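Structure assessment
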Amino acid sequence: MEFACSHVVCNWRPASVEGRSGEGVTPGLGEPLRLSVKEHMYDNRIAVISRPEPGIMPPALPPRQFGSQKTHPQPTFLPPPLPSLPAPLPSLPAPLPSLPPPLPPRGVEGQGEQSIRLKANVNVLSLSVGRLVDMRRATGIQSTQSPVKHCRRCSAALSSLSSVHNTQDTAVWQCEFCGLQNNLSTPDLRVGSKVGLKVRGAPRGRDVIYLPSQTDQDYENLEDVMVVFCVDISGSMSATSEVSPGNAMRSPTYVSRLQSIQDALQGALSSLLQTSPHRRVAMVTFNDQVVVYGDGSGAPVSLRDWALVDSDYLRQQGKQYNTPHCIAESYQHLSLRVKELREHGATALGPAALVSIAMASRYVGSKVILCTDGRANIGLGLMEESPAPFSSPQSPYFYRQLAHEAANSGVIVSVMTFEGTDCRLAEVGLLADQTGGRVSIVSIGTVATEIQSALADNILATGVMATLLAADGVYFPYEEEWSHRLVREIGNVTEAVEITFQFACKPDSVEGFMRRARIPFQLQLSFTTRDQQNVTRIITEQRRVTTSSWLWAGSLNMSVLGVHCAQLCARLTMEGRVHEAQRQLRAQQNLLKDISVQRPNPKEESIYGNWISTMTTICDDLITDSQDNSKINDLQASKSTPVNALSDEAAKVVYQMKRASSVDQSRRKQTDIVAL
């Protein structure tokens, strides 16, 4: 875990609720739900320290204060006193020795400091999930096969930070997150042990990996996965683009979209033959019918007419189609099938995606690479031609359910469309967004590179579930539940996956937190490795609580804040909460400027600044182009409906922002930052 701020800012509040008391706010929208306690006189500001200009003369020294009337002789080795400075400032009378010095007024804590309202919440933490689930990086982490001991109320795990007290016949663990007293069983007692080491099998470190007990499971071949190329061969794939200009000696050269796909597939097959000769590779094409070629060695299966609207039949055909050969054995067959492709007909994209995912689901860790240049216009997942900016919810529901099915099966789906087309990428992109795949818009010249990039994304873990706990009184804005416990289903995880969370203190808990020195946090990461081991990694740490709302802008982590801003605003935009995304963008943009003043980093400033500028443009365009603002307001009430008014270019950017990661992950800490 990596935090954006060294301390927990307990008294942060959005500017929209400053000065209001007792007004309720809708849960989950990122603002405190109810200000039911008295207003706290905290400033919630960050300090931007200006550089002092050198003066001609130093300031006058303050008068020395003597605690008694006794005088002490001056040592002989000291130099003679300096002559008094001209025109000293009038000195204040000395305070009584028994009284403390007066406190400076709020807002003038530092000379030369500019007071800036902290409008953005800096209580943000980031999880490099790809690193945390990579067992190759966990060689130095404590591991155990003992079962995890959970709190009966909040499901927090017993850790090295837990306080356990012995009684006469039992041990009692008072949960540091919810306060419940849990009685530990008698067999777990360790006789004569000290406080904190009473429970047999209790973890000693703050980062512990819980492994399953040894079982006689079969050997798992990690190379036994499948790559399915799902290729559009509809009539629109015959469109050509100029790749080489002509001159007086020869005519210009034109290449069709299908020809570029064929060349890219030939290169991908050759690459897989060299790097992964034991991997299964299959191909599925679609136009007004779906043709399953498999590894190319058998007879293809054609699915048309009524079959294109029967999901159960399509799923059955995909799962039962046998692909017995690896690429080392099927390379020649597949290469010939690719050369024979011809474009014609409509676009049965939905049925083809369903069949491809069903084929790949037989092997955990498989990939589906979908290439198309047009919206689905036949069969399941049909996208109706409509002038309205918001389509009916049937097609998003189909692709969302299909993405959920792929994620549960450990399948990554990457979606590629051609530039200059309208494929409703906001809807089709759900397949990649929920499975950990890529969303990209390619040209004839870049399609080969994008396919190679999609092939390089390997699944490290499946079924990843993150549970984040904080002390009771903390909540997580922009989440559905107003609780100190948050559960996030992540699904498939590749190396670059990074997720962020925002947390805040409930208004009626601020007083209690301000009296505490530290607040505990715990991450419980459950996942299934590629060799089918069910692993749980638990990280527990504490963060200091700030008793002053003054923060130095240079001490904030621009990387964590930049990634969080991109992910959160992209998510809000896809959910239709465009106005909220705009507010977040404005607040984060000002905060990043303040950070850059204190700690300049041109590389990070350029990248994160471009992210914010791009998302701001998209949100502004959505609101400006909307003919009826009530549609956006109605859309905000339904978090499950994406904004189909997004163009393909905008949808690509938003999906890429949702899976944004730090500029240089290699410099980030492998495990966690533990507060001193």
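Structural notes, computed from the coordinates. (Residues numbered from 1 in each chain as written. Predicted model: local features only at pLDDT ≥ 70, side-chain atom pairs only at ≥ 80, totals over all residues. Heavy atoms only, no water.)

With that settled, consider the sheet that holds strand S1 (residues 2-3). Here 3 strands make up an open sheet; going across it, the order is S1-S5-S23 and the pairing antiparallel. Every interior strand has two partners, whereas the edge strands, S1 and strand S23 (499-502), have only one. Here S1 pairs with strand S5 (residues 124-127) via 2 bridges, running antiparallel. Directly across from Phe3, in S5, lies its bridge partner Leu125. Along the sheet, helix H11 (residues 558-574) makes contact with S1, S5 and S23, crossing S23 at roughly 90 degrees. (Pairing = 2+ DSSP bridges. Helix = DSSP H or I, 4+ residues; strand = E, 2+ residues; numbered from the N terminus. Contact = heavy atoms within 4.5 Å. Axes fitted to C-alpha atoms, helices over the stretch in contact; angles between N-to-C directions.)

With that settled, consider H11. The periodicity of an α-helix, 3.6 residues per turn, causes residues three or four positions apart to be oriented the same way. Between its terminal C-alpha atoms H11 stretches 24 Å, which fits the 24 Å expected from 17 residues at 1.5 Å a residue. Most of H11 is tucked away, with 16 of its 17 residues classed as buried. Regarding H11, its N-cap is Asn557, as a side-chain oxygen of that residue lies 2.9 Å from the backbone nitrogen of Ser559 further along. Of the residues flanking the end of H11, it is Gly576, one or two places downstream, whose phi is positive at about 90 degrees. (Expected span 1.5 Å × (residues − 1). Buried < 20%, exposed > 50% of the residue type's maximum accessible area, 1.4 Å probe, protein only. Polar contact = N/O pair within 3.5 Å; in protein donor to acceptor, adjacent residues only side chain to side chain.)

Where H11 contacts helix H12 (residues 578-598), the axes come no closer than 9 Å and their chain directions differ by 165 degrees. Taken together, the axis directions place H11 and H12 in an arrangement best described as roughly antiparallel. Handedness of the H11/H12 crossing: left-handed. Two secondary-structure elements touch here, H11 through Met558, Leu561, Cys565, Leu568, Cys569, Leu572 and Thr573 and H12 through Val578, Glu580, Ala581, Gln584, Leu585, Gln588, Leu591, Leu592, Ile595 and Ser596. (Parallel < 35°, antiparallel > 145°, perpendicular 65-115°, else oblique. Left-handed = near helix turned anticlockwise from the far one by under 90°.)

Looking at where Asp232 falls in the secondary structure, it is placed in strand S11 (residues 226-232). No salt bridge is formed by the buried Asp232; its nearest oppositely charged neighbour, Arg257, is found at 7.7 Å. Within the local environment of Asp232, its side chain forms a polar contact with the backbone nitrogen of Ser234, the two atoms lying 2.7 Å apart. At 3.4 Å, the side chain of Asp232 and the backbone nitrogen of Asp373 are in polar contact. For Asp232, the residues in contact, after removing those within four places along its chain, are Met237, Leu258, Phe286, Thr347, Cys371, Thr372, Asp373 and Gly374. (Lys, Arg positive; Asp, Glu negative; His and termini not counted. Salt bridge = Lys/Arg side-chain N within 4 Å of Asp/Glu carboxyl O.)

If you walk across this open sheet you meet the 3 strands as S7-S8-S9, and the pairing is antiparallel. Bordering the open sheet on either side are strand S7 (163-166) and strand S9 (181-184), each of which pairs with just one other strand. Taken pair by pair, the neighbouring strands of this sheet meet at an average axis angle of 30 degrees, ignoring direction. Examined bridge by bridge, strand S8 (residues 171-174) and S9 share 4 bridges and lie antiparallel to one another. Directly across from Trp173, in S9, lies its bridge partner Asn182.

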